[in-house]
Amino acid sequence: MGSKRLVICDPEEGYASALASYFMKRKELAFQVYICRSLQNVMAMQGEEHIDYLIISADCDSEERGRIAADRKFILTVSGQERMEKDEIPVMKYQPGEAILTEIIRCCGLDGQSGELYFQTAKKVTGTLIGVFSPVHRIGKTSYAIELGQKLALKSDVLYVNMELYGGIGGLFEENPSYTLADVLYYSRQESKNLPLVLSTMTGRMKNLDYLNPMPVSDDVKEVAPQEWTGLIRQIVENSIYETVILDVDEGLRGVYDILRLCSEVHMPAAEDEVSRAKVRQFEAELQLLGYEDVLQKLNRKEQKG
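The notes below deal with the structure included here. (Residues numbered from 1 in each chain as written. Predicted model: local features only at pLDDT ≥ 70, side-chain atom pairs only at ≥ 80, totals over all residues. Heavy atoms only, no water.)

Another aspect to go through is the sheet that holds strand β10 (residues 244–249). Strand order in the open sheet formed by 7 strands is β8-β9-β7-β10-β6-β11-β12, and the pairing between neighbours is mixed. Edge positions in the sheet fall to β8 (204–206) and β12 (299–303), since each has one partner strand and no second. On average, each strand axis in the sheet is inclined to that of its neighbour by 25°, with strand direction left out of account. Inspection of the sheet shows strand β7 (residues 158–163) paired to strand β9 (residues 209–212) by 3 bridges, in the parallel sense. Looking at β9, one finds that Val161 is bridged to Leu212. (Pairing = 2+ DSSP bridges. Helix = DSSP H or I, 4+ residues; strand = E, 2+ residues; numbered from the N terminus. Axes fitted to C-alpha atoms, helices over the stretch in contact; angles between N-to-C directions.)

Listed below in structure tokens is the structure:
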């Protein structure tokens, strides 16, 4: 299937270019993006190329908009009161690009068909899953996981997922994020077919590393069922664009050992003092006792200084 064509038409100087730039940076999306400064330009284009998606300002005359043949028409509205035709879908104009993209994905999924009919992901193989976990506290686990992710992201697409009870919002992560891991879990539960696409609108970025903001309420993290965690993780690893997914795993998660069992390798930051060694021995003995010898075999101990 060839790339879809998305046309953005808005007379406001700089707006169409900025929105197009955002879409083109989303490597998950396979459509080609075009900018038209006027309705006349759009009409001229449709005479030569089929338009799959049209994003157009509500300021453009509604009667003339009706003459444009596009599979989906999204109208950029400011007040929400502008006149809309039956085949036109209103989208608030002045909001972040990821919010606009999310609305488009949601609307395209309303007919019950897979999002892949409209968007394509570039991934060809199942991704690698790396868990970062330690029974030793204040060992720099999160810093280690992020540094590992940034190093791997120099060569491939990597996603870091903070699954801690207290992930540190406002520290390494955004103070008031638009989306968090809680939103991704929602889509995993409700709209799993569109999750790989919606995921692309919910990530933040640290240098070259994509990341998901942690959940803001620790009780919400504790209440996530083990099968919900494993289901979400499998969807991300198998269906998203990411070649590597790094999980920053908290001991307070329900089903924590089953989460580690999914990983192809588990990095375990630790220290050389006797107390830290004792905690690691207890952790390893527990894995053996509970029948998680396979997790024990995946442990890759990382000695941390200080």
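The rest of the description comes next.
Taken as a whole, this structure holds 13 salt bridges when the rule is applied. Between Arg65 and Glu88 there is a salt bridge, with the nearest N and O atoms lying 2.8 Å from each other. You can see Arg65 sitting in helix α3 (residues 62–65) and its partner Glu88 sitting in strand β5 (residues 88–92), a full 23 residues away along the chain. In this structure Arg65 comes out as buried when scored by relative accessible area, which is 1%. Under the relative-accessibility criterion, Glu88 is labelled buried at 6%. Asp219 serves as the salt-bridge partner of Lys222, at 3.8 Å between the closest nitrogen and oxygen. Of the two residues, Lys222 and Asp219 both sit in helix α8 (residues 218–223), 3 residues apart, roughly one turn of that helix. On the basis of relative accessible area, Asp219 is assigned to the partly exposed category, the value being 44%. (Salt bridge = Lys/Arg side-chain N within 4 Å of Asp/Glu carboxyl O. Buried < 20%, exposed > 50% of the residue type's maximum accessible area, 1.4 Å probe, protein only.)

Mapped onto the elements of the fold, Ser57 is located in strand β3 (residues 51–57). At a separation of 3.1 Å, a polar atom in the side chain of Ser57 contacts the main-chain amide nitrogen of Asp59. Not counting chain neighbours up to four residues away, the residues in contact with Ser57 comprise Cys9, Asp10, Pro11, Arg65, Ile75 and Leu76. (Polar contact = N/O pair within 3.5 Å; in protein donor to acceptor, adjacent residues only side chain to side chain. Contact = heavy atoms within 4.5 Å.)

Further remarks concern the side chain of Asp248. Relative to the helices and strands, Asp248 resides in strand β10. Taking relative accessible area as the criterion, Asp248 reaches 0% and is therefore assigned buried. Polar side-chain contacts of Asp248 include one of 2.5 Å to the side chain of Tyr160. Excluding residues within four positions of it along the chain, Asp248 makes contact with Val132, Lys141, Thr142, Ala145, Tyr160, Val161, Asn162, Met163 and Glu164.

Looking now at the environment of Gln235. In this fold, Gln235 is placed in helix α9 (residues 226–239). A relative accessible area of 16% places Gln235 in the buried class. Spatially, the C-alpha atom of Gln235 lies 7.9 Å from that of Ser188, the residues being 47 residues apart in sequence. Of the polar contacts made by the side chain of Gln235, one reaches the side chain of Ser188; its length is 2.9 Å.

In any sheet, the strands associate via hydrogen bonds between backbone groups, in a parallel or an antiparallel arrangement. Pairing within the open sheet is parallel, and its 5 strands lie in the order β2-β1-β3-β4-β5. A strand with exactly one partner marks an edge of an open sheet, and here the two such strands are β2 (32–36) and β5. Within the sheet, the average angular offset between the axes of one strand and its neighbour, ignoring direction, is 25°. When strand β4 (residues 70–77) meets β5, the two strands line up parallel, connected through 5 bridges. If you follow Lys73 over to β5, its bridge partner there is Glu88. Across the sheet, helix α1 (residues 15–25) lies against β1 (5–9), β2, β3 and β4, angled at about 175° from β2, the strand it touches most.

Once that is clear, we can look at the packing of helix α6 (residues 181–190) against α9. It is at 10 Å that the axes of α6 and α9 come closest, and there the two elements cross at 90°. When the interaxial angle is binned, α6 and α9 end up roughly perpendicular. Two secondary-structure elements touch here, α6 through Leu181, Val184, Leu185, Ser188 and Arg189 and α9 through Glu228, Trp229, Gly231, Leu232 and Gln235. Its residues placed into classes, the contact of α6 with α9 shows 5 nonpolar, 3 polar and 2 charged. (Parallel < 35°, antiparallel > 145°, perpendicular 65-115°, else oblique. Nonpolar A, V, L, I, M, F, W, Y, C, P; charged D, E, K, R; others polar.)

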